[in-house]
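Now for the letters of each chain:
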Amino acid sequence: MQLVIRRLRQFRDVVYSSFVARKSFAFWGLLTLLLNFVMLHGLAFASDMEFWRHWIEALKMGVGNFNGDYPPFYILWLRVVAAFYQATGLSMDLDYELKQFCLFPVILAHISLVHFVWLRLQKREWLPEIKTIVMLLVVANPAFYLDGPVWGQIDVLPVAICVWALWYASRPKTYALGLGLFMLGLLTKFQMITFLPVFAALSLRYYKIMWKGILAMAAVFGLVFLPFILSGVFAKEFSQAYLSSVGQYPYAAMNAGNLWMAISGNMTPDSRTIFEWAPAFLNPALLGKIFFVIVSATIMVFTFIKRHSVSNVMMLASLNALAFFMLLPCMHERYCLAAAVVCIAGVACQKKPMIGWAVALSAVAFVNISMMMSMRGEALWFWISMAGIATLVFFFFKVLFPSLLDKFFILVAKVPVPGFVPYVLLVLIYVCDMGSSFAQMERSAYKLGDGEYFVYELDILEQKQGYGSTHIGKSIDGNPLRVKGELFVSGIGTHAPSRHTYALPNNATRFTVSCGVDDESGNGVIDFIILVDGEEVWRSGRMEGRQISSADIDIRGAKRLTLLTDEMGSKNFDHADWVNPVVYTAK
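Each value, and the rule that gives it
Residues numbered from 1 in each chain as written. Predicted model: local features only at pLDDT ≥ 70, side-chain atom pairs only at ≥ 80, totals over all residues. Heavy atoms only, no water. Helix = DSSP H or I, 4+ residues; strand = E, 2+ residues; numbered from the N terminus. Buried < 20%, exposed > 50% of the residue type's maximum accessible area, 1.4 Å probe, protein only. Contact = heavy atoms within 4.5 Å. Areas by Shrake-Rupley, 256 points an atom, 1.4 Å probe, with all protein chains shown as cover. Lys, Arg positive; Asp, Glu negative; His and termini not counted. Charge placed at Lys NZ, Arg CZ, Asp CG, Glu CD. Axes fitted to C-alpha atoms, helices over the stretch in contact; angles between N-to-C directions. Parallel < 35°, antiparallel > 145°, perpendicular 65-115°, else oblique. Left-handed = near helix turned anticlockwise from the far one by under 90°. Nonpolar A, V, L, I, M, F, W, Y, C, P; charged D, E, K, R; others polar. Patch = residues over 30% accessible without salt bridge, like charges linked within 9 Å, V, L, I, M, F, W, Y side chains within 5 Å. Salt bridge = Lys/Arg side-chain N within 4 Å of Asp/Glu carboxyl O. Expected span 1.5 Å × (residues − 1).

S.K.: How should I be thinking about the overall build of the protein chain in this particular structure?
M.R.: Helix and strand counts for the protein chain stand at 21 helices and 15 strands. If one aligns the C-alpha atoms of the protein chain with their principal axes, the spans along those axes are about 90 × 70 × 50 Å. Out of the 587 residues belonging to the protein chain, those deemed buried represent 50%. Considering only contacts in the protein chain between residues 6 or more positions apart, those separated by 24 or more positions represent 76%. Working note: accessible area of the protein chain is about 27700 Å², and carbon and sulfur atoms make up 66% of it. Within the protein chain, one finds 48 positive and 41 negative side-chain charges whose respective centroids are separated by 20 Å.

Now the structure itself:
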């Protein structure tokens, strides 16, 4: 009984220090939250966004309709997202909102990583500057943001789960919890198999209670797969998430800066020999597996025999994750992120500050991911500008009035903010953003009345433009139509110079439209022109980014309506939008 009471008190103390105490990780958690929501404005690959849209559309009918190579735990979250879109009718054309909803677990996992590192650092007798550097490595690590909110990948989520799993599995009293979390990581991303040697060694170390870990893993496996079992698609989901994904990309290296990129080059078959004169078996597919098995077996033996502390266990796990990326073929550029994340967590658990490896692995991850994904996006310019202004202000006071700035930070540090604030604020932001996104769609959607038609619904007689192809309801780059910061659902996305001619109905009376340079361009220069039966009836004049103009044209008796855009010199970045182009007819 006394043991139970002591455990309850320990749990109470942990909860209080983590979530209730006013001197908490809240500042770092809030900074992580801010950076994630800023970086969500970064532009992802359109093809990746289409995967989400396709999957969510299929999941609206239940998990039984899902066809993809993702493990089940994240798919269950996408099922929740699908239910939200189904219930609200919100359009999935809004990229920012789509990323925001899909990446909620990733942002939550990032905050939990920050929380983990902060908890470990509270027990370290290090210089404050060293603790700050470690916290910045987990809070402001550019590799995390390029992979997650900018690109839209979820790698941080399963690795964060595995960090907590390693922490708990390294202790006999919480070993079963750690194994259960490891299974959850595997059910989120199959690449977490890289940590199997370490968990296997820990299981052998605690062989007397191994059955508890096996039961915990089985329970998590059953709970996560339960919706698929009930839908009768367990075999299909297991096969497409795990079995069919093996060997899906038979390349020595797939945009990954590892051993095989150096020897064989990018996107070369993994069955090709490493040298022209080498025998057939000397290929990346076989040699990579042999090298990795040797390293993994060594790490497993060291983990078991040496009886390392939790910090060394995490470092061994990080080493195995790095070997996984560097030695195995078929690697993507993102798979090196796991080594960096676990290494940072391991550093926070060490008695002596050794941050060099965490910095090095973060740099490796960042460089690899940045080869494929750069931080870009029109909406990011505002936040970049604000960051520059803040830096100028603080640096001004630091250089000229250092004592005043120190007093300011001391005052800010005294503001009591409980540890639960970042988590609660994350949920509140999502609730508010869901409502505002729905309201924005309702506000920007033009409701056609009786006898009203969008011009692009009419027969088109001529269509040509200077670059790309015409998009209906989207910009030339396939993004939602945005002009002067305002979202539009209905319109024509084209590129100057362009010419679109439509056949008008006999009872057409009036034509209204707004136009401007799409915000995705920002620095285009365009002249918008409207012709009726070949005669110019309206011209916007020179228009640049963040400007919008509207026209209201009498078209009674007309047969043809032409929408022209002139590039006014160079056609670079001339992303032209005709929004809410409505033809009115007599009843």
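Now that the structure has been shown, the text picks up again.
S.K.: Please explain the packing of helix H16 (residues 310-327) against helix H17 (residues 337-349) as it appears in this structure.
M.R.: When two helices pack together, you describe them by how their axes are tilted relative to each other and by the distance separating the axes. Between H16 and H17, the shortest axis-to-axis distance is 8 Å and the interhelical angle comes to 165°. Considering the angle they form, H16 stands roughly antiparallel to H17. Helix-helix and strand crossings are classified by hand; for H16 and H17 the assignment is left-handed. Facing H16, whose interface residues are Val310, Ser311, Met314, Met315, Ala317, Ser318, Ala321 and Leu322, H17 presents Ala338, Ala339, Val342, Cys343, Ala345, Gly346, Val347 and Cys349. Here the contact of H16 with H17 is built from residues that sort into 13 nonpolar, three polar and no charged.

S.K.: Please explain a nonpolar patch on the surface as it appears in this structure.
M.R.: A contiguous nonpolar surface patch, about 550 Å² in accessible area, is contributed by Leu34, Phe382, Trp383, Met386, Ile389 and Val393. Here the nonpolar patch takes five residues from helix H19 (residues 380-400), the largest share from any one element. A residue is classified by how much of its surface remains accessible, and Phe382, at 48% relative accessible area, is partly exposed.

S.K.: Please explain helix H3 (residues 46-59) as it appears in this structure.
M.R.: Note on helix geometry: an α-helix contains 3.6 residues per turn, so any two residues three or four positions apart are oriented the same way. Along its 14 residues, H3 runs 20 Å from first to last C-alpha, staying within 8% of the 20 Å computed at 1.5 Å per residue. Where H3 is buried, its residues touch helix H4 (72-88) and helix H5 (95-102).

S.K.: Looking at this structure, how should I read unusual backbone geometry?
M.R.: Leaving glycine aside, a negative phi is the common case for residues, and trans is the common case for peptide bonds. Here Ala496 and Pro497 are connected by a cis peptide whose omega angle stands at -5°. Position of Pro497 relative to the elements: it lies in the loop between strand S8 (491-495) and strand S9 (498-503). A positive phi angle, near 60°, is found at Asn255, a position not held by glycine. Mapped onto the elements, Asn255 comes out in the loop between strand S1 (253-254) and helix H14 (259-263). Overall, Asn255 belongs to the partly exposed group, its relative accessible area being 22%.

S.K.: Teacher, can you tell me more about the pattern of salt bridges here?
M.R.: Throughout the structure, instances matching the rule amount to 14 salt bridges. Here Lys464 and Glu462 are joined by a salt bridge, their closest N and O atoms 3.9 Å apart. Ionic pairing is found between Arg510 and Asp552, a salt bridge with its closest N-O pair at 2.9 Å. Of this pair, Arg510 sits in strand S10 (residues 508-517) while Asp552 sits in strand S13 (residues 549-554), and the two are 42 residues apart along the sequence. Its relative accessible area of 34% is what places Arg510 among the partly exposed residues. A single network of salt bridges, built from pairs that share partners, joins Asp147, Asp155, Glu333 and Arg334.

That is the geometry; function is a separate question.
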